[in-house]
Amino acid sequence: MAASAVASPRVHDFKVVLLGEGCVGKTSLVLRYVENKFNEKHESTLQASFLTKKLTIGNRRVNLSIWDTAGQERFHALGPIYYRDSNGAILTYDITDDDSFQKVKNWVKELKKMLGTDIMLTIIGNKTDLEKQRNVSVETAEQYAESVGATHFQTSAKLNRGVEEVFLDLSRRMIEQADKQDAEKRALSPSSRSTAAGNVVLLEETPAAPIKSGCC
Amino acid sequence: MEAEADQSDEQAWHELMLLRGRFRSRVSSTPTDLEGCSIGPSTQALSTASTHSLDTEQEDSQDTLTNGDNDSWDSGLTSFDCESRKTAPRDRRSDSNPRKILIENLLHEIYGNGQSDSFNEDFEETQNLVRRRLSSNASQISKASQSSQFLDYTIWRLDVHSDISKTKQSLGFQGSMHVDKEVLEILSVKKLRKLVASYERTCMAVNRYMVAKLKKKDKRQIVQSKQCLIISAALQSKNEEKKIRFSITSPPGDGYRDWLEGMRAVLRLPGGLPSAFRKTMWTTIANQYISQLPIEWEKVKLMVLHDRLSQDESEMGIQIVKDLHRTGVSDYCGDHNDRERHLLKRVLLAYARFRPSVGYCQGFNIIAAVILDVVDKNEEEALKIMIYLIEHVLPPNYFAHDLEALSVDLAVFQELTHEQMPELSNHLDMLRTQSLEERGANGGDEPPLTNLFTIQWFLTLFATCLPQEATLRIWDMLFLYGSTILMKTALALLKKLEKYFLPMESAFDFYSIMSELQLRMLDSALFGPEEVAQAVLSVPDFDLRMLRLKHTFQPPQNLRSATNGMCYSRALRTTKSHDDRAETHGLFSNFIEKRRASVLVHKERMARRSSLAEAETDINGLRKKFADYTKDHQNARASVNDTAQMMERLARRRGSIFTTESTDTSPDKELPQANPFQFPPKDPEEPSNPSVFPRLRADSPLRVTTEKDPNSPVRISSPGTNRRLSFHPLYNRITSS
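Residues numbered from 1 in each chain as written. Chains lettered and ligands numbered in written order. Predicted model: local features only at pLDDT ≥ 70, side-chain atom pairs only at ≥ 80, totals over all residues. Heavy atoms only, no water.

Novice: Give me the overall build of chain B: which residues, what numbers.
Specialist: On a plain count of helices and strands, chain B comes out with 29 helices and 4 strands. A separation threshold of at least 6 residues defines the contact pool for chain B, and within that pool the share at least 24 residues apart is 69%. (Helix = DSSP H or I, 4+ residues; strand = E, 2+ residues; numbered from the N terminus. Contact = heavy atoms within 4.5 Å.)

Novice: Could you give an account of the overall build of chain A, naming the residues involved and the relevant values?
Specialist: The helix and strand inventory of chain A stands at 5 helices and 6 strands. Traced from its N-terminal end to its C-terminal end, chain A shows the element sequence β-α-β-β-α-β-α-β-α-β-α. Intrachain contacts of chain A at a sequence separation of at least 6 include 74% that bridge at least 24 residues. For chain A, the computed accessible surface area is about 9,400 Å², with 52% contributed by carbon and sulfur atoms. (Areas by Shrake-Rupley, 256 points an atom, 1.4 Å probe, with all protein chains shown as cover.)

Novice: Kindly report on the pattern of salt bridges, identifying the contributing residues and their values.
Specialist: Residues and elements named next belong to chain B. Under the defined criterion, the tally for this structure stands at 29 salt bridges over all chains. A salt bridge links glutamate 261 to arginine 264, with the shortest nitrogen-to-oxygen separation between them at 3.1 Å. Here the residue glutamate 261 and the residue arginine 264 both occupy positions in helix α12 (residues 255-268), the gap between them amounting to 3 residues, near one helical turn. Overall, the relative accessible area of 11% leaves arginine 264 in the buried class. Notably, a salt bridge pairs glutamate 531 with lysine 496, separated by 3.2 Å at the nearest N-O pair. With glutamate 531 in helix α25 (residues 529-537) and lysine 496 in helix α23 (residues 484-501), the pair connects residues that are 35 residues apart, well separated along the chain. According to the relative accessible area criterion, glutamate 531 is partly exposed, its value standing at 38%. On the accessibility criterion, lysine 496 (25% relative accessible area) is partly exposed. (Salt bridge = Lys/Arg side-chain N within 4 Å of Asp/Glu carboxyl O. Buried < 20%, exposed > 50% of the residue type's maximum accessible area, 1.4 Å probe, protein only.)

Novice: So, the nonpolar core: which residues are in play, and what are the values?
Specialist: Formed by 156 residues in total, the largest nonpolar core has its most connected members in Ile123(A), Phe364(B), Phe399(B), Phe458(B), Phe462(B) and Trp475(B). In terms of residues, this core owes the most to one element, α23(B), which gives 10 residues. Once residues lying within four places of it in the same chain are set aside, the contact partners of Trp475(B) are Trp282(B), Ile367(B), Val370(B), Ile371(B), Leu389(B), Thr460(B), Leu461(B) and Ala463(B). By size, the runner-up hydrophobic cluster in this structure holds 26 residues, among which are Tyr33(A), Leu64(A), Ile66(A) and Leu168(A). (Core = buried A, V, L, I, M, F, W, Y, C linked by side-chain atoms within 4.5 Å.)

Novice: Explain the packing of aromatic side chains to me, using residue names and the numbers behind them.
Specialist: Inspection of every chain in the model, using the stated rule, returns 24 aromatic pairs over all chains. Both rings, one in Tyr33(A) and one in Phe167(A), keep their centres 4.0 Å apart while their planes meet at 5°; by these two values the pair is stacked. Within this pair, whereas Tyr33(A) is found in helix α1 (residues 26-35), its partner Phe167(A) is found in helix α5 (residues 163-188), the two being separated by 134 residues in sequence. Like Tyr33(A), the residue Phe167(A) is buried in the burial classification. Where Trp67(A) meets Tyr511(B), the ring centres are 4.9 Å apart and the plane angle is 85°; that geometry is what we call edge-to-face. Placement of the pair is Trp67(A) in strand β3 (residues 60-69) and Tyr511(B) in helix α24 (residues 507-522), with the two residues belonging to separate chains. (Phe/Tyr/Trp six-rings, centres within 6.5 Å; stacked < 30°, edge-to-face > 60°.)

Novice: Pulling in residues and values, what's your account of the environment of Phe277(B)?
Specialist: Locating Phe277(B) in the fold gives a position in helix α13 (residues 275-292). Leaving out residues up to four positions away in the same chain, Phe277(B) has contacts with Phe246(B) and Ile248(B).

Novice: Describe the packing of helix α19 (residues 404-420) of chain B against α23(B), naming the residues involved and giving the relevant values.
Specialist: Helices that pack against each other are described as a pair by the angle of their axes relative to one another and the distance between those axes. All names here are of chain B. Two numbers describe how α19 lies on α23: the axes approach to 10 Å, and their chain directions differ by 45°. As the angle between them shows, α19 and α23 are arranged oblique. Along this stretch, α19 crosses α23, giving a crossing that reads as right-handed. Across from Asp409, Val412, Phe413, Leu416, Thr417 and Gln420 in α19, the residues of α23 making contact are Met487, Ala490, Leu491, Leu494 and Lys495. (Axes fitted to C-alpha atoms, helices over the stretch in contact; angles between N-to-C directions. Parallel < 35°, antiparallel > 145°, perpendicular 65-115°, else oblique. Left-handed = near helix turned anticlockwise from the far one by under 90°.)

Novice: Give a description of unusual backbone geometry that names residues and reports values.
Specialist: With the exception of glycine, the majority of residues adopt a negative phi angle, and the majority of peptide bonds are in the trans configuration. Positioned with a positive phi, Lys127(A) is a non-glycine residue whose angle comes to about 75°. Relative to the elements of secondary structure, Lys127(A) occurs in the loop between β5 (120-126) and α4 (138-147). With a phi angle near 60°, Lys377(B) is a residue other than glycine that sits in the positive phi range. When you line up the elements, Lys377(B) lands in the loop between α17 (364-374) and α18 (379-393).

Novice: Let's hear about the sheet that holds strand β2 (residues 48-57) of chain A: which residues, and what values?
Specialist: Two modes of strand pairing occur in sheets, parallel and antiparallel, and in both the strands are linked by backbone hydrogen bonds. Residues and elements named next belong to chain A. The 6 strands are arranged β2-β3-β1-β4-β5-β6 in an open sheet whose pairing can be described as mixed. The open sheet has two free edges, formed respectively by β2 and β6 (151-154), since each of these has just one partner strand. In this sheet, neighbouring strand axes are inclined to one another by 25° on average, regardless of whether the strands run parallel or antiparallel. With 9 bridges connecting them, strand β1 (residues 10-20) and β3 associate as parallel partners. If you follow valine 17 over to β3, its bridge partner there is tryptophan 67. (Pairing = 2+ DSSP bridges.)

Novice: I'd like to hear about the confidence of the model for chain B, residue by residue, with values.
Specialist: Residue and element names in this part refer to chain B. Predicted confidence across chain B gives a mean pLDDT of 68, with 51% of residues reaching 70 or more. pLDDT under 50 marks residues 113-122. Its contacts with residues more than four places away, or in other chains, come to 21 contacts. Counting interchain partners and residues more than four positions distant, the pLDDT-below-50 stretch residues 555-595 has 117 contacts. Model confidence for the complex is summarised by a pTM of 0.60, with the ipTM given as 0.80. (pLDDT = per-residue confidence, 0-100.)

Novice: Can you lay out the environment of Met421(B) for me, pointing to particular residues and giving the numbers?
Specialist: All names here are of chain B. Assignment of secondary structure puts methionine 421 in the loop between α19 and α20 (422-439). When its relative accessible area of 2% is taken as the criterion, methionine 421 is described as buried. Expressed as a C-alpha distance, the spacing of methionine 421 and leucine 494, which sit 73 residues apart in the sequence, is 8.9 Å. With residues near it in sequence (within four places) discarded, methionine 421 still touches Leu416, Leu491, Leu494, Lys495 and Glu498.

Novice: Tell me what's going on with a positive patch on the surface, and back it up with residues and numbers.
Specialist: Where like charges cluster on the molecular surface, the positive patch consists of Lys215(B), Lys216(B), Lys219(B) and Arg220(B). Looking at the secondary structure, you find Lys215(B) in helix α11 (residues 189-238). (Patch = residues over 30% accessible without salt bridge, like charges linked within 9 Å, V, L, I, M, F, W, Y side chains within 5 Å. Lys, Arg positive; Asp, Glu negative; His and termini not counted. Charge placed at Lys NZ, Arg CZ, Asp CG, Glu CD.)

Novice: Account for the pairing of β5(A), naming residues and giving values.
Specialist: Residues and elements named next belong to chain A. Among the 7 residues of β5, 7 are classified as buried, and the element is accordingly described as predominantly covered. Burial along β5 is two-sided: the residues Met120, Thr122, Ile124 and Asn126 and Leu121, Ile123 and Gly125 are all buried. Alignment of strand β4 (residues 88-94) against β5, held across 7 bridges, turns out to be parallel. Each residue of the ladder has a partner; that of isoleucine 90, found in β5, is threonine 122. Assessed by its sense of winding, the connection that carries the chain from β4 through helix α3 (residues 98-115) to β5 is right-handed. One ladder, built from 4 bridges, connects β5 with β6; its direction is parallel. (Right-handed = clockwise from strand over helix to strand, strands pointing away.)

Novice: Lay out α17(B) with the relevant residues and their values.
Specialist: Residues and elements named next belong to chain B. With 10 of its 11 residues buried, α17 lies for the most part within the structure. Buried within α17 we find Phe364, Asn365, Ile366, Ile367, Ala368, Ala369, Val370, Ile371, Leu372 and Val374. Buried residues along α17 sit against α13, α15 (314-323), α16 (338-354), α18, α21 (451-459) and α22 (468-481). Phi for aspartate 376, located one or two positions after α17, is positive at around 55°.

Novice: Can you break down the packing of helix α14 (residues 297-304) of chain B against α16(B) residue by residue, with the values?
Specialist: Residues and elements named next belong to chain B. Look at α14 against α16: their axes get within 9 Å of each other, and the N-to-C directions meet at 115°. Helix-helix and strand crossings are classified by hand; for α14 and α16 the assignment is right-handed. Seen from α14, the contacting residues are Val300, Met303 and Val304; seen from α16, they are Ala350, Arg353 and Phe354. Counted by class, the contact of α14 with α16 contains 5 nonpolar, no polar and 1 charged residues. (Nonpolar A, V, L, I, M, F, W, Y, C, P; charged D, E, K, R; others polar.)

Novice: Describe the side chain of Thr327(B), naming the residues involved and giving the relevant values.
Specialist: For Thr327(B), the location among the structural elements is in the loop between α15 and α16. Looking at Thr327(B), the relative accessible area reads 1%, which means it is buried. Residues in contact with Thr327(B), not counting those within four places in the same chain, are Glu43(A), Tyr332(B), Leu344(B), Asn365(B), Ile366(B) and Ala369(B).

Here it is in structure tokens:
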């Protein structure tokens, strides 16, 4: 748990990790979210890479450190460390590739086993621009997501569809989770002050990305 | 002229024979007429060409021209020559009809085959072949080092052919009409004479052309060798005593070492190796390496370089295909680059087939793309270079078996950073501890902060972090000096970035700024290639081999959450080929006790040898190296003793590992749950099945035979299993017999 308990305005440092089979679009998602870019020819991610994003949700400031990981399994030997203390995980599959969806299921199992309910899970079906070649039905994916307590989104990093929402929703849930944990702590030590819960208003620091048609 | 037409056949025959005699003396149409060639001071090579008959003349002249450049050019052409020569009628029958003989001989002059009416077809075929090759097989042509000359020639040749057809047309031949016996028989003496003259001219032209080209080539070679001498002199003046000889291509025989030295010296000059030499340098080194391997390259090549995907390769094929456009090199990502991607795929698959234990590792796509770019998309050369890089330059298991060698290098890098940039190292360590504390006890582990970036650096050999020109300069050094350059480059880069890191106050800040710097480095915004190259060359030397050894037996902390029980097998796997692993497990401890001394002496010697090999080209460097070396020698002794103790400890623990149910259950206390992501399918070769080991357990009786000479092999046999193994200290490897 990385949320540091400091006085208002509260700053949360959240660690988010992207997992999923190779070439499902993890890096593209992050690049789209952080830099609003889409690059068809970016290099395959080796091991892991790191990007950050700052946003404000309500009166909360959130620093997201986003860890993008390699799809190929042999790199996992080098650093399971990078996802151990994540607050949130984004599990990505390619809607045209059923194997990648099975892989997501494996990841959920692993994460649940290790981190219990502390970690907020988001499952993403990426590449909705290839709707015609879809192999994983929305219902199946949503049903599965619900059964494991994860939220499910459909995105297209290429066309910039639904990417922003994924991170916003995840950030909100991570804040809630942090609050919950704080409350538990307060229950243990009654002397601690109360935190303003308040309604959640979206106030992003960076202007929302203009939603345009696909790039490249 | 008209009077000539009235001359009798008899006269015409004599005249033509005379003409033919001259003609023959120029072109020496049959192999037996060798001596006839008098084309002046033409290079010896030409004489072979002029021994052939006219039809083969053109083909063969090409051989002559390209022989030096391109041995493998078009065996199709030469086989065609041989064919026609074989069938050429040798008999010069004295027939009653002189005209008939005349015509036959003329036909023979033209085709080398009296019956040949397939000349045009053959020639057209050849022409098409040439065109096809010109357009589609650029790689083949690029094999010729003087390809422009070759192209000139080919184009010229096509012109000559059109000249001939023009002459034919002017003589009354229509379109593609064949010059055959019947046609010739119809022709008047005058026309025949004209025809002979035209062939004579053509032949002369070919000869002149060849002579000119060969002279030009000779001249160029002289200029080149002079320039090489000048460079050599310049290099020698800079490095007083050492006799450096520079040449572009490696001279045959013993010259290879000198050539390497020369290349190294050039590399150190400002500007580095001229990019025109790069391809030659890389391919020469790779070829030298491949030629030393106990394989028959031609056979291996056929086995690995093909498009047929076997069943077990399909998964890997999919992975490779997914990565083809993700190389960061623009040549491979566009919609119009199917050919390039296909080549890349072939090379990647070929390497995976060549070394199935490594297979395909992400990052290879990037490496192979850079190589293909340098060798002008020649897949065979690219494959050789790739093999050389991965198998020879980099330590084993850099890309396979949990990337152990890479982990070791990361640990070595930490140590060197600490040594050379203590302030930065301490600062980063502080940030790391801080981040650990913030997360509390359950926060898990934080690897050294630089790892996130250095892993990428090492895996792609800097191709993804430096602009192409700088990458290639680094790779040049890598080819000539070995993997120590990787470490030096990483240190040099870190040194350059140090000033940005020192003010950072948290790990988060560090990662953020580093991500940013990485992008700026890629744009050459921070420093140019020359600056990087010089920085790398000025990094102080260190004994990489010793450091690797140290960290191999002392697995790096914080690198992975593997249980300590894994460390021993990791140590083994890193040092020995994986095939020997199972045997090694059982025999290691006994062996160590018996032969520790000789092995350590050997290792020391090897260390000395390798550091010598990497010694500087200048004598001062060598002197300094020698002084350092004496010091190192003492240090080495100390660390050898450490290593020995470590090995002993590990060996003692080994028993407890392999008598337990599974290798994964570790006796260690602090990290029982510390391996949360036991990533599912392990490498099938992993000896995780303990049933392999019992018969080789250390407590089963073993017979170890040693000899007095510390360099002679040790033989170990296990009566229970009838297995015999021998360990050869000189080669540091175990073989089973």
